Amino acid sequence: LKHKDDDRAWALYGLAHTLLGNHRSARTAYLRALARAPGCASYAHNLGHLIDVAFEQPREALRWLKQAHGAAPAEEEIAASYAHALVRSEQVPQALAVLERVFKSRERSEKLVKRWLGRTGRASSGADLSPRALPPRALENGAASNGSPARGRSPKAGSPKPRTSDDETLPK
């Protein structure tokens, strides 16, 4: 970024580092892209998804994913990333509401959430995904009114940590 310091260059730098597994450098680059283009849904989405999946910090990721979803509410991929972080943050009713609004299918939304819950060992956590579990109005206003998150286990101790780079050098 020697010649031009713009958001697209930083975002591309972030994507490249993500693909190389240099997650800390990717995070820094996405933050720099967002500093130059704060309303960009794709930059916020990429940063949020990286934080959720690579750093295993879904609650921190919610800030960026909510921003991205707010800027591009019809984008299925962004909605799915936001819902994924919500599920991992034990906010299953809210995740279902986000997915159902964008997919326009309760069945598809529930299937995806159940798959995510199964991967985290929470499928039998008591999260009720039946039609009566969420009041119909919860989906209209974007949040469940029952406010009861799924009860689940923390990720297994000893699970693999994301690969990160010690090389934090970024162009100035």
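Heads up: the structure comes first, above all this text.
A brief structural summary. Computed from a predicted model, the values in this text were never measured in an experiment.

As a further point, take the nonpolar core. With 42 residues, the main nonpolar core has Tyr43, Leu99, Val113 and Trp116 as its most contacted residues. Those elements giving two or more residues to this core turn out to be helix H1 (7–20), helix H2 (23–36), helix H3 (41–53), helix H4 (58–71), helix H5 (76–88), helix H6 (92–103) and helix H7 (106–119). A per-element tally of this core places H5 first, with 8 residues.

At their nearest, the axes of H3 and H5 sit 10 Å apart, and the two run at 30° to each other. Taken together, H3 and H5 sit at an angle that is classed as roughly parallel. Our pair here, H3 against H5, has a crossing hand that is left-handed. Judged by residue contacts, Ala41, His45, His49, Asp52 and Val53 of H3 engage Glu77, Ile78, Ser81, His84, Ala85 and Arg88 from H5. Grouping the amino acids of the contact of H3 with H5 by side-chain chemistry returns 4 nonpolar, 4 polar and 3 charged.

On the secondary structure map, Asp6 appears in the segment before H1. By relative accessible area, which is 14% here, Asp6 ends up buried. One polar contact links the side chain of Asp6 to the main-chain amide nitrogen of Ala9, over a distance of 2.9 Å.

When the terminal C-alpha atoms of H1 are compared, their 20 Å separation across 14 residues agrees well with the 20 Å that a helix rising 1.5 Å per residue should span. Within H1, burial applies to Asp7, Trp10, Ala11, Gly14 and His17. The buried side chains of H1 occupy one side of the element, clustering within an arc of 125° when seen end-on. Facing away from the buried surface of H1 by more than 90 degrees, the exposed residues are Arg8, Leu12, Leu19 and Leu20.

Moving on, we come to the pattern of salt bridges. Applying the stated criterion to the full structure yields 8 salt bridges. We note a salt bridge from Arg8 to Asp6, for which the minimum N-O separation is 3.6 Å. Between Arg108 and Glu76 there is a salt bridge, with its nearest N and O atoms 3.2 Å apart. Placement of the pair is Arg108 in helix H7 and Glu76 in helix H5, with a sequence separation of 32 residues.

Turning to its location among the elements, Arg8 is positioned in helix H1. Along the sequence, Arg8 and Tyr30 sit 22 residues apart, while their C-alpha atoms lie 9.7 Å from each other.

With that settled, consider unusual backbone geometry. Even without being glycine, Glu56 reaches a positive phi, approximately 55°. Relative to the helices and strands, Glu56 is located in the loop between H3 and H4. For Glu56, a relative accessible area of 33% gives the class partly exposed. Positive phi, close to 60°, is recorded for Glu90, a residue that is not glycine. Structurally, Glu90 is set in the loop between H5 and H6.

Reading the values: the criteria
- Residues numbered from 1 in each chain as written.
- Predicted model: local features only at pLDDT ≥ 70, side-chain atom pairs only at ≥ 80, totals over all residues.
- Heavy atoms only, no water.
- Core = buried A, V, L, I, M, F, W, Y, C linked by side-chain atoms within 4.5 Å.
- Buried < 20%, exposed > 50% of the residue type's maximum accessible area, 1.4 Å probe, protein only.
- Helix = DSSP H or I, 4+ residues; strand = E, 2+ residues; numbered from the N terminus.
- Axes fitted to C-alpha atoms, helices over the stretch in contact; angles between N-to-C directions.
- Parallel < 35°, antiparallel > 145°, perpendicular 65-115°, else oblique.
- Left-handed = near helix turned anticlockwise from the far one by under 90°.
- Contact = heavy atoms within 4.5 Å.
- Nonpolar A, V, L, I, M, F, W, Y, C, P; charged D, E, K, R; others polar.
- Polar contact = N/O pair within 3.5 Å; in protein donor to acceptor, adjacent residues only side chain to side chain.
- Expected span 1.5 Å × (residues − 1).
- Arc of directions from axis to C-beta.
- Salt bridge = Lys/Arg side-chain N within 4 Å of Asp/Glu carboxyl O.

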